[in-house]
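Architecture and fold: a report
Take a look at the letters that make up each chain.
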Amino acid sequence: MMRNIALIVVATLVLAACGNSEPPAAKGPELVIYSSRIEQLIKPIFDDFTKETGINIRYVTDEAGPLLARLKAEGENSPADMLITVDAGNLWHAAEMGVLQPVQSEVLTNNIPPALRDEQGRWYGVSIRARTIIYSTERVKPEELAGYEDLADPKWNGRLCLRTSKKVYNQSLVASMIVALGADKAEETVGAWVNNLAVAPFANDNKVVEAIDAGQCDVGLVNTYYLARMLADNPDLPVGLFWANQAGEGVAARGTHVNVSGAGITKASKHKEDALRLLEWLSGPSAQYDFAHLNQEYPVNDKTAPSELIEQWGSFKADTMPLSEAGRLQGDAIRIMDRQGYR
């Protein structure tokens, strides 16, 4: 009987150990990524990288602000090897805070245009997001549209919808207008936008599209991928896209404002070689295809074609302002919007 009890005890201990044990640690090298991109987008990309290279990815997702604060607080003890976030304004702030290190790479230089990367190599764009004009195809003719400044015209009074100024996308757009128009003209334009608003600014770009569909307003400004995703779900949505600032002379034809999601290797990285390998890979064909097709963004690498849906919008001339300027002038842009009551 004592023998049977002993066997039962041993079996119980074995089962308990199996049931409560932690999963085995991943074999091979590992990178830690702090990312403000949504998990549904980045996980498939990271999974593909791991399959191709054997380098495992562990990631932490949060808003850009908290991630930057965390990196700064952790300092050289940070476990993060890379920061991935949206908008050049956030990337510029990360670089100025000293949490990113400069890297040079022939692969990155060949794959990413100069305007879409930091001059010192502290961050690189990995996908492009164009912010342009959308309109009701039932109430507006494309020939009525021109550029961002044209939305200040009184003809759009009570017909304009915007996203809140608190979002970095609009802050960077206004920063680009400061570069193109000068601070006074940019502020005048923003003030006229506020006067033309049909309703108070919305929390996100989807709401702007929905408001035009519902007849609350006739024109608005959004990042193109928001409209593309909604058109993928509803091809009959009566909302069209117009490429801003394509015609005319001088700044009127400077091109549509573009921004990026981007990445940089942290100063604290203990795995710089593997992190650089990931950064280069993000600019290559596999990841560029995923950015284009999973989130309907434009690839930074011109060797990769956009998705079929956004390719239907045709090519456009992009504003070639170095995106570091969007970060440098972000504070000025915020002050302009605040003075003009753009909330």
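Here the structure is a predicted model, which means the values were calculated and not measured.

Things to note about unusual backbone geometry
Here Asp87, not a glycine, exhibits a phi torsion of approximately 75°, which is positive. Along the polypeptide, Asp87 turns up in the loop between strand 3 (82–86) and helix 4 (88–96). Classification of Asp87 as buried rests on a relative accessible area of 1%. For Gln296, which is not glycine, the phi torsion reads 60° and is therefore positive. Among the secondary structure elements, Gln296 is positioned in the loop between helix 11 (285–294) and strand 9 (298–299).

Focus on the confidence of the model for the protein
Predicted coordinates in areas of low pLDDT are best not read in detail. For the protein, the mean per-residue pLDDT works out to 92, and 92% of the residues sit at or above 70. In the model, residues 1–26 has pLDDT below 50 throughout and makes one contact with residues more than four positions away in sequence or in other chains.

Some words on the state of the cysteines
Working definition: the covalent bond between the sulfur atoms of two cysteines is a disulfide. Inspection of the entire model under this criterion finds one disulfide. Paired through a disulfide, Cys161 and Cys217 show a sulfur-sulfur distance of 2.1 Å. Between Cys161 and Cys217, the S-S torsion sits near -110°, and that sign places the bridge as left-handed. Of this pair, Cys161 sits in strand 5 (residues 160–161) while Cys217 sits in the loop between helix 8 (205–214) and strand 6 (219–223); the two residues are 56 residues apart in sequence, bridging distant segments of the chain. Here Cys217 falls in the buried class, since its relative accessible area comes to 1%.

Quick notes on the packing of aromatic side chains
Applying the stated rule across the entire model yields six aromatic pairs. Judged by centre distance (3.9 Å) and plane angle (15°), the ring pair of Trp243 and Phe316 falls under stacked. In this pair, Trp243 sits in the loop between strand 7 (239–242) and strand 8 (257–265) while Phe316 sits in the loop between helix 12 (308–311) and helix 13 (324–328), placing the two residues 73 residues apart along the sequence. Residue classification places Trp243 among the buried positions, given a relative accessible area of 10%. Accessibility expressed as a relative area gives 21% for Phe316, which makes it partly exposed. One aromatic cluster is present, formed by Trp243, Tyr298 and Phe316 through successive ring pairs. Lying over the aromatic face of Tyr169, Lys167 brings its terminal NZ or CZ to 5.0 Å of the ring centre. Looking at Arg229, its charged tip hangs above the ring of Tyr226, at a distance of 5.1 Å from the centre.

A closer look at the pairing of strand 1 (residues 30–35)
Most of strand 1 sits out of view: five of its six residues are buried. Note that strand 1 and strand 2 (residues 56–61) share six bridges and pair parallel. From the neighbouring strand, Val32 faces strand 2, where its bridge partner is Arg58. Considered for its hand, the β-α-β crossover made up of strand 1, helix 2 (residues 39–53) and strand 2 is right-handed. Examined bridge by bridge, strand 1 and strand 3 share three bridges and lie parallel to one another. Along strand 3, the bridge assignment pairs Ser35 with Ile84.

Comments concerning the side chain of Arg122
When you line up the elements, Arg122 lands in the loop between helix 5 (106–111) and strand 4 (124–136). Side chain to side chain, Arg122 and Asp118 meet in a polar contact 2.8 Å long. Ignoring any residue separated from it by four or fewer positions in sequence, one finds Arg122 in contact with Ala95, Glu96, Leu100, Gln101, Pro102, Ala263, Gly264 and Ile265.

Some words on the pairing of strand 7
Of the two faces of strand 7, the one carrying Val239 and Leu241 and the one carrying Gly240 and Phe242 are both buried. Bridge analysis of strand 4 against strand 7 gives four bridges, and the strand direction is antiparallel. Opposite Ile134, over in strand 7, you have Leu241 as the bridge partner.

A look at the nonpolar core
Core analysis: the largest hydrophobic core is formed by 69 residues, its most contacted members being Met82, Leu227, Leu278, Leu282 and Trp313. Tallying contributions element by element places helix 10 (residues 272–282) first for this core, with six residues. Here Trp313 is in contact with Thr224, Leu227, Ala228, Leu231, Leu241, Trp243 and Tyr298, once residues within four sequence places are set aside. Core analysis: the second largest hydrophobic core is formed by 30 residues, Val174, Ala175, Ala333 and Tyr342 among them.

Concerning helix 2
In this model, helix 2 (15 residues) spans 20 Å end to end at C-alpha, consistent with the 21 Å of a helix rising 1.5 Å per residue. Listing the buried residues of helix 2 in full gives Leu41, Ile42, Ile45, Phe46, Phe49 and Thr53. End-on view of helix 2: buried residues confined to an arc of 105°, all on one side of the axis. Relative to its buried face, helix 2 has exposed residues pointing more than 90 degrees away, namely Gln40 and Lys51. Considering only its buried residues, helix 2 is in contact with strand 1, strand 2, strand 3, helix 10 and helix 11. Count one or two residues on from helix 2 and you reach Gly54, which has phi positive near 80°.

With respect to the environment of Asp332
By secondary structure assignment, the location of Asp332 is in helix 14 (residues 330–339). Residue class for Asp332 comes out partly exposed when judged on its relative accessible area of 33%. For the pair Asp332 and Ala183, spaced 149 residues apart in sequence, the C-alpha separation works out to 8.4 Å. A distance of 2.6 Å separates a polar atom in the side chain of Asp332 from a polar atom in the side chain of Arg335.

Calculation rules
Residues numbered from 1 in each chain as written. Predicted model: local features only at pLDDT ≥ 70, side-chain atom pairs only at ≥ 80, totals over all residues. Heavy atoms only, no water. Helix = DSSP H or I, 4+ residues; strand = E, 2+ residues; numbered from the N terminus. Buried < 20%, exposed > 50% of the residue type's maximum accessible area, 1.4 Å probe, protein only. pLDDT = per-residue confidence, 0-100. Contact = heavy atoms within 4.5 Å. Disulfide = S-S within 2.5 Å. Phe/Tyr/Trp six-rings, centres within 6.5 Å; stacked < 30°, edge-to-face > 60°. Lys NZ or Arg CZ within 6 Å of the ring centre and 35° of its normal. Pairing = 2+ DSSP bridges. Right-handed = clockwise from strand over helix to strand, strands pointing away. Polar contact = N/O pair within 3.5 Å; in protein donor to acceptor, adjacent residues only side chain to side chain. Core = buried A, V, L, I, M, F, W, Y, C linked by side-chain atoms within 4.5 Å. Expected span 1.5 Å × (residues − 1). Arc of directions from axis to C-beta.

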